[in-house]
Amino acid sequence: SKAVVSEARQALQEMGLPTAHGVSVGGWDAAHPNTTWSGETWFRVLDDWAVDEDGNRLFDGIDWDVEGYDAPGATLPEQLLRLM
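Residues numbered from 1 in each chain as written. Predicted model: local features only at pLDDT ≥ 70, side-chain atom pairs only at ≥ 80, totals over all residues. Heavy atoms only, no water.

**Notes on the overall build of the protein chain**
And then number 1: Counting its regular elements, the protein chain contains three helices and two strands.
And then number 2: Shown N-terminal to C-terminal, the secondary structure of the protein chain runs as helices and strands in the order α-β-α-β-α.
And then number 3: Taken over the C-alpha trace, the protein chain has a radius of gyration of 15 Å; the compact-globule value for 84 residues is 12 Å, which it surpasses by more than 25%.
And then number 4: C-alpha extents for the protein chain along the principal axes are approximately 45 × 25 × 20 Å.
And then number 5: Within the protein chain, counting contacts between residues at least 6 apart in sequence, those at least 24 apart form 69% of the total. (Helix = DSSP H or I, 4+ residues; strand = E, 2+ residues; numbered from the N terminus. Rg over C-alpha atoms; globule rule 2.2 N^0.38 Å. Contact = heavy atoms within 4.5 Å.)

**What about the confidence of the model for the protein chain?**
And then number 1: Chain-level statistics for the protein chain give a pLDDT mean of 82 and a share of 92% at 70 or above.
And then number 2: Within the protein chain, no element has a lower average pLDDT than strand 1 (residues 22-26), which sits at 79, and none a higher one than helix 1 (residues 2-14), at 88. (pLDDT = per-residue confidence, 0-100.)

**So, the environment of Leu 83**
And then number 1: Looking at the element boundaries, Leu 83 is found in helix 3 (residues 78-83).
And then number 2: Given the relative accessible area of 9%, Leu 83 is considered buried. (Buried < 20%, exposed > 50% of the residue type's maximum accessible area, 1.4 Å probe, protein only.)

**Concerning the pairing of strand 2 (residues 61-65)**
And then number 1: Note that strand 1 and strand 2 share five bridges and pair parallel. Across the sheet, the residue bridging to Ser 24 is Asp 63, located in strand 2.
And then number 2: This β-α-β element, strand 1 to helix 2 (residues 39-49) to strand 2, shows right-handed connectivity. (Pairing = 2+ DSSP bridges. Right-handed = clockwise from strand over helix to strand, strands pointing away.)

Below, the structure written as structure tokens:
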């Protein structure tokens, strides 16, 4: 949940531990991202979502994890490459 991420991020900052936090899109055995949205739309949605209730940024970047899709015959379609 966002609250858990916010609490963990704050605790790490208070301990003086430099830490980067990323949002992963995709992952092991997950489907490729939907290409009906543009890269700009994906960014805006994730950027707006990645803020806690106090307005603090929760994440520092996006990890497009598309290589983990483990379906038979899985490929990286041109539309997906253009999205990223």
